[in-house]
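Structural overview
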Amino acid sequence: MSKPLHTELPLNPHVAGLPPYNAGMNIAAARLHSGREDIAALASNENPDGCSPKVAAALAGLNPARYSDPACTALRAALGEKLGVATDRIVVGNGSEELIAAVCRAVLRPGATVATVCPGFGLHEIEALANGAVVAKVAMRADLEFDIAAILATLEKAPAIFFLSSPSNPVGPALDRDSLDRVVAAVRPETLLVLDEAYFEFTADDLPDGLAVLSASRLSFVVLRTFSKAYGLAGLRVGYVVTSDARLARAMTAAKTPFNVNAAAQIAAAAALQDEAWMRASISALKAERARVAAAIAAMGLPAARSQTNFLFIDVRRDSQAAMDHFLSKGIIVKPWKEEGFESFIRVTIGTPSDNDRFLDALGALAME
Ligand SMILES: *Cc1c(COP(=O)(O)O)cnc(C)c1O
């Protein structure tokens, strides 16, 4: 047999050299590692309440033999009505993560500059790099708040895209109205502002609706939202964008695959939208739990960031991987942070009250070590 040739195949260096996305450990892997059955899955910001019962009822009408609607017509109509936005500015994705890839593919040319915040959401960097961009990162302040002055200075340099997750994943705070207005005023015409509002539904009522603020501006923008977090549909993969204009939505549509959102996801998301009361009740209980868990952490003397999300970002004052192993031995999955300067932080999702109690017990034991 001749020697295999596959090491000589030229690959796209932008893609072959990408850093891996650091996904949270899943339940099966945690069972294997811990030898325990009762896993508290607190690494991926899923909704511990599941989703509206209307979703399962609607899925009974699924016909798996038919292709899904490539235009997501019914779901876009429902979103357009809910948001008061023309449907030609809405694009639905196989999770909002797909739309992060699509916006990069639609906008970036090799050598473009993309800016984002650190610590931040991995795909804002990975998808930019995959499209040949150079990524600049603006650090959060030491007090774990947005560094608005540094964000404004970066926007002055007119990057092709600025990815801003507000509320921040992994840190937790959201921009207030004044800060958002200052950001909007600093965006240059050559820059696309991508506001990732994956946790929009968890924010306090007095915080701004980014879509409303950006729609009143003259910027080119994309607002990203998802059904994965508040609506509890993470496994079905469905998210969407609202763009500033139909031209940008058309470019993003061209940049994605045609049948990107499967039929089950389209049915489920439309059903979830028809039962916002379920979502609001779930969110309000989770927010009360968030306050309870945050108070318990503060009482242990551990620093944690202010959170407008369904998770907390905590300085456990030791190597985050060692902390993760400690939690895993007790059947609890948390996400250890790896970005430079934040290696002593973990991100923990707010789960059921009993899972949160297990987490707090294990955190207390860790703090005593
Ligand atoms: C969870 C998350 C997403 C992606 O969610 P999908 O499941 O792909 O819709 C996007 N951005 C941020 C900041 C997230 O936390």
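What counts and what doesn't
Residues numbered from 1 in each chain as written. Predicted model: local features only at pLDDT ≥ 70, side-chain atom pairs only at ≥ 80, totals over all residues. Heavy atoms only, no water. Helix = DSSP H or I, 4+ residues; strand = E, 2+ residues; numbered from the N terminus. Rg over C-alpha atoms; globule rule 2.2 N^0.38 Å. Buried < 20%, exposed > 50% of the residue type's maximum accessible area, 1.4 Å probe, protein only. Contact = heavy atoms within 4.5 Å. Areas by Shrake-Rupley, 256 points an atom, 1.4 Å probe, with all protein chains shown as cover. Pairing = 2+ DSSP bridges. Core = buried A, V, L, I, M, F, W, Y, C linked by side-chain atoms within 4.5 Å. Domains from an automatic or database assignment. Near = heavy atom within 4 Å. Polar contact = N/O pair within 3.5 Å; in protein donor to acceptor, adjacent residues only side chain to side chain. Nonpolar A, V, L, I, M, F, W, Y, C, P; charged D, E, K, R; others polar. Phe/Tyr/Trp six-rings, centres within 6.5 Å; stacked < 30°, edge-to-face > 60°. Salt bridge = Lys/Arg side-chain N within 4 Å of Asp/Glu carboxyl O. Axes fitted to C-alpha atoms, helices over the stretch in contact; angles between N-to-C directions. Parallel < 35°, antiparallel > 145°, perpendicular 65-115°, else oblique. Left-handed = near helix turned anticlockwise from the far one by under 90°.

Comments concerning the overall build of the protein
Assigned secondary structure in the protein consists of 14 helices and 12 strands. Against the compact-globule benchmark of 21 Å for 369 residues, the protein has a radius of gyration of 21 Å, which places it among compact chains. Principal-axis analysis of the C-alpha atoms gives the protein an extent of 70 × 55 × 50 Å. Looking at the protein residue by residue over its 369 residues, the buried ones come to 51%. Summarising the internal contacts of the protein: among those between residues at least 6 apart in sequence, 75% fall at separations of at least 24. Summed over all atoms, the accessible surface of the protein reaches about 16,600 Å², with 55% contributed by carbon and sulfur.

Focus on the pairing of strand β7 (residues 220-226)
Note on strand geometry: in a regular strand, side chains alternate between the two faces of the sheet. With six of its seven residues buried, β7 lies for the most part within the structure. Pairing analysis gives five bridges linking β7 to strand β8 (residues 239-243), with the strands arranged antiparallel. Within β8, the residue paired with Thr226 across the bridge is Gly239.

Considering the nonpolar core
Generally speaking, soluble globular proteins have nonpolar side chains that are buried together. Residues Leu75, Phe227, Phe327 and Phe359 are the most contacted members of the largest nonpolar core, which totals 88 residues. With seven residues, the top contributor of residues to this core is helix α11 (residues 263-273). Per-domain counts for this core show at least three residues from each of domain 1 (13-50 + 277-368) and domain 2 (53-273). Setting aside chain neighbours within four positions, we find Phe327 in contact with Ile332, Val334, Ile346, Phe359, Ala362, Leu363 and Leu366. Ranked by size, the runner-up nonpolar core spans 26 residues in total, among them Ala133, Ala160, Phe163 and Ala249.

What to know about the site of the ligand
Taken together, Gly95, Ser96, Glu97, Phe121, Asn169, Asp196, Ala198, Tyr199, Thr226, Ser228, Lys229 and Arg237 form the complete shell of residues around the ligand. Between the ligand and the protein, one listed contact pairs an oxygen atom with a backbone N or O atom of Glu97 at 2.9 Å. Side-chain polar atom of Ser228 to an oxygen atom of the ligand: 2.6 Å apart, as the coordinates give it. Broken down by class, the residue content of the shell around the ligand amounts to three nonpolar, five polar and four charged.

Describing the sheet that holds strand β12 (residues 345-349)
Backbone-to-backbone hydrogen bonds join strands into a sheet, with any given pair of strands oriented parallel or antiparallel. Ordered in space as β9-β12-β11, the three strands form an open sheet in which the pairing is antiparallel. Two strands lie at the open edges of the sheet, namely β9 (311-315) and β11 (335-336), each paired on one side alone. Note that β11 and β12 share two bridges and pair antiparallel. When the sheet's bridge partners are listed, Pro336 is paired in β12 with Ile346.

Considering the packing of aromatic side chains
Summed over all chains, the structure comprises 11 aromatic pairs. Judged by centre distance (4.9 Å) and plane angle (50 degrees), the rings of Phe227 and Tyr231 are tilted. With respect to class, Phe227 is no different from Tyr231; both count as buried. For the ring pair Phe227 and Tyr240, a centre distance of 5.9 Å and an interplane angle of 50 degrees mean the geometry is tilted.

Thoughts on the pattern of salt bridges
All told, the structure shown has 16 salt bridges when counted by the stated rule. Residue Arg358 is joined to Asp38 by a salt bridge in which the shortest nitrogen-to-oxygen separation is 3.8 Å. Within this pair, whereas Arg358 is found in helix α14 (residues 353-368), its partner Asp38 is found in the loop between α2 (27-34) and β1 (40-41), the two being separated by 320 residues in sequence. Here Asp38 falls in the partly exposed class, since its relative accessible area comes to 38%. The partner of Lys82 in a salt bridge is Glu276, with the nearest N and O atoms 3.1 Å apart. Here Glu276 lies in helix α12 (residues 276-299) and Lys82 lies in helix α4 (residues 73-83), a separation of 194 residues in the sequence.

Here's the deal with the pairing of β9
Of all five residues in β9, five are buried, a share of seventy percent or more. Judged by which residues are buried, β9 turns out to be covered on both faces: Phe311, Phe313 and Asp315 on one side and Leu312 and Ile314 on the other are all buried. Relative to β12, β9 is paired through five bridges, and the arrangement is antiparallel. Paired with Phe311 across the two strands is Thr349, which belongs to β12.

Quick look at the packing of helix α13 (residues 320-329) against α14
One way to put it is that α13 packs onto α14 with a least axis distance of 10 Å and a crossing angle of 130 degrees. By the angle between their axes, α13 is oblique relative to α14. With respect to the hand of their crossing, α13 and α14 are arranged in right-handed fashion. Where α13 abuts α14, its residues Ala323, His326 and Phe327 lie against Phe359, Ala362, Leu363, Ala365 and Leu366. Its residues assigned to classes, the contact of α13 with α14 comprises seven nonpolar, one polar and no charged.

Geometry only, nothing functional implied.
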